[in-house]
Amino acid sequence: MCNTIKEILNQKTRLINKHLVVKGWVKHKRTNKLQTFVIINDGSTINNLQIIIDKEYKDINLGIYLKIKGLIVLSQGKQQPIELLAQKIKIYGLFKSKDFQQTILQPKQHSYNKLREQSYLRFRTNFFSSIMRIRHNVSYLIHQYFHTNGFYYIHTPIITNSDAEGSSNLFKVTTFNDLNDDFFGENAYLTVSGQMHAEAAALGLRKIYTFGPTFRAEKSNTPRHLAEFWMVEPEIAFFNLTNNMFLAEDLIKYIIKNIIILSQSDLESLDKQNLIFHNLKQILNKEFKRIPYSKVIQILIKNGYDMKWGQDINYEHEKFLVDIYFKSPIIIFNYPIDIKPFYMRKNKDQQTVAAMDIIFPHVGEIIGGSQREERYKILLSQIKYFKLNRTRLEWYLKTRIFSTVPHSGFGLGFDRLIQFITHMKNIKDVIPFPRSIKKIYT
Ligand code: 4AD
Ligand code: MG
């Protein structure tokens, strides 16, 4: 029999007196002339298994991978219910302990910066393996939420020829410098959002979502920005902005309610300052306050911020609104046309669009979405107003020609959600291999 440590520990004392093969790497070692105590982990869980070897074993260094055959017995110590009495040991790969000391595997406090520099080893640290398991569980919950609510998962393309957000933060995809020789024979980019293709899908399948990598060459080097990040984008036909707000709040609360249970031990292990569970439960207890943009501007002006109607709301404003003024997550809606993309639905006032941003504590904007402009003529006039390349958007315009329907959707920043849940300072520490301005971490 061969099991992961998670599977073994889950069976508690039922395995006592059974022979097992266990594999993992050494996290801790203590030895005397008679016995060697080795703590191993295999990444399947934050919890470890203690191995007892009835002799002094010098070759077993920290970090080494082992295969151990032995007998499960009731533990003498209080730390764990069971342990393994080793009978046969295989060492997978020796290395010099001098080399080991240069790595982040050396059991001492390392800065997050240093950990990032060795991102290929980060998975073997306690904090990062916890984050990766949480990241997995959140992905799982997202798929579960949508599946049980009748949404279909659509894979939208990663290579596109249009700029969905009109933000010109595009990474170009090319095989040659000369366009005529180039693979696609036209400009191609890494997608900034799956939204436009998601809209086409929703107009045929009614309720869909995409969940994939998106790319932005944003110059902002902040603890909340990545050049490659993951976005969850539901898109729904026959859906207005109010429906959209309900869906977004329900999705986030579903994830948070369930991750508390599903990732309990990993969250506990990360929760050094007793903040995480508190923060998560706070979100569940509160309605997300809905405030129109114009009201937000009034509040900011009244509170001493030098603001004018039409200006964008930045992270400093977001912090004030969420942490101090409202003390809850907020949904800001109906933004001025000029600070939002062309595809958002124009409101009757002709000055604002049916946009919504959800602002969270700690990470700021976690969701951006809108009701889409489904009326052909107005959409076309918006494309002209923003001086966008109409040829590239012709296919998108056509989705409004053969009948048309109000539809809405949003993008949830997956990495920002993980950052919020784990309360990590930097978003680079919640994604396996971060990419950011001037830096590709392996
Ligand atoms: O607000 P954004 O730009 O919205 C869109 O792209 C829409 N097309 C989505 C839609 O309606 N289907 O991005 C959505 C979210 C943001 O609220 C933020 O959480 C996250 O994506 N995000 C980033 N996360 C990490 N690094 C970056 N550089 C990010 N840019 C946006
Ligand atoms: Mg946004």
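Further up the page is the structure itself.
Just so we're clear, the structure is a prediction, and the values are computed from it rather than from any experiment.

A. Summary view of the sheet that holds strand β16 (residues 407–413). Here 8 strands make up an open sheet; going across it, the order is β7-β10-β11-β16-β15-β14-β13-β12 and the pairing mixed. Among the strands making up the open sheet, the edge pair consists of β7 (152–153) and β12 (289–292). Strand direction decides the pairing type here: strand β15 (residues 364–371) and β16, joined by 5 bridges, are antiparallel. By the bridge assignment, I367 is partnered in β16 with L412. Of the strands in this sheet, β7, β10 (207–215) and β11 (228–237) are in contact with helix α5 (residues 126–148), which crosses β10 at around 150°. Against the sheet, helix α6 (residues 195–205) engages β7, β10, β11 and β16, with an angle of about 30° to β11.

B. Representation of the nonpolar core in the model. Counting 61 residues, the largest nonpolar core has V138, L412 and I421 as the members making the most contacts within it. Ignoring anything within four residues of it in the chain, the contact list for L412 reads W230, M231, V232, L251, I252, I255, I366, I367 and L417. Counting residues in each nonpolar core, the second largest holds 32 residues, with M196, I291, V296 and V322 among its members.

C. Just the environment of S220, in detail. With respect to the helices, strands and loops of the structure, S220 is situated in the loop between β10 and β11. Judged by its relative accessible area of 29%, S220 falls in the partly exposed class. Distance from S220 to M424, taken between C-alpha atoms, is 18 Å for residues 204 residues apart in sequence.

D. Broad picture of the side chain of S408. Here S408 lies in strand β16. For S408, a relative accessible area of 0% corresponds to the buried category. A distance of 2.7 Å separates a polar side-chain atom of S408 from the backbone oxygen of F239. Not counting residues up to four positions away in its chain, the partners in contact with S408 are P234, E235, I236, F239, N240, L241, N244, S370, Q371 and R372.

E. Main features of the site of ligand 1. Around ligand 1, the structure places 24 residues, and the nearest of them are E165, Q195, E218, E233 and E365. In this structure, G413 approaches ligand 1 through a main-chain N or O atom, which is 3.5 Å from an oxygen atom. Expressed as a share of its isolated accessible area of 630 Å², the protein-covered part of ligand 1 is 94%. If you list the elements that add at least two residues to the shell around ligand 1, you get β11, β15 and β16. In terms of residue count, β15 provides more of the shell around ligand 1 than any other element does, 5 residues in total. Here the residues of the shell around ligand 1 sort into 8 nonpolar, 8 polar and 8 charged.

F. Structural context of the pattern of salt bridges. Under the counting rule described, the total for this entry stands at 14 salt bridges. Across the pair D415 and R135 runs a salt bridge whose closest N-O atoms are separated by 2.8 Å. Taken together, the residues D415 in helix α14 (residues 414–422) and R135 in helix α5 connect sequence positions 280 residues apart. For R392, the salt bridge is made with E186, and the minimal N-O distance between the two is 3.4 Å.

G. How the structure looks around helix α7 (residues 241–262). Counted at 1.5 Å a residue, the expected span for α7 with its 22 residues is 32 Å, and the 31 Å between its end C-alpha atoms agrees. Capping the start of α7, N240 holds a side-chain oxygen 3.1 Å from the backbone nitrogen of T242, two or three residues further along.

H. Geometry of a nonpolar patch on the surface. Taken together, the side chains of I158, I159, F183 and F184 make up a nonpolar region of the molecular surface, amounting to roughly 400 Å² of accessible area. Assessed through its relative accessible area of 39%, I159 is described here as partly exposed.

I. The arrangement of unusual backbone geometry in detail. Even without a glycine there, the phi angle at R206 is positive, about 70°. Even without glycine at this site, H423 takes up a positive phi of about 60°. Summarising the element assignment, H423 is placed in the loop between α14 and β17 (435–436).

Definitions and limits used
- Residues numbered from 1 in each chain as written.
- Chains lettered and ligands numbered in written order.
- Predicted model: local features only at pLDDT ≥ 70, side-chain atom pairs only at ≥ 80, totals over all residues.
- Heavy atoms only, no water.
- Pairing = 2+ DSSP bridges.
- Helix = DSSP H or I, 4+ residues; strand = E, 2+ residues; numbered from the N terminus.
- Contact = heavy atoms within 4.5 Å.
- Axes fitted to C-alpha atoms, helices over the stretch in contact; angles between N-to-C directions.
- Core = buried A, V, L, I, M, F, W, Y, C linked by side-chain atoms within 4.5 Å.
- Buried < 20%, exposed > 50% of the residue type's maximum accessible area, 1.4 Å probe, protein only.
- Polar contact = N/O pair within 3.5 Å; in protein donor to acceptor, adjacent residues only side chain to side chain.
- Near = heavy atom within 4 Å.
- Areas by Shrake-Rupley, 256 points an atom, 1.4 Å probe, with all protein chains shown as cover.
- Nonpolar A, V, L, I, M, F, W, Y, C, P; charged D, E, K, R; others polar.
- Salt bridge = Lys/Arg side-chain N within 4 Å of Asp/Glu carboxyl O.
- Expected span 1.5 Å × (residues − 1).
- Patch = residues over 30% accessible without salt bridge, like charges linked within 9 Å, V, L, I, M, F, W, Y side chains within 5 Å.

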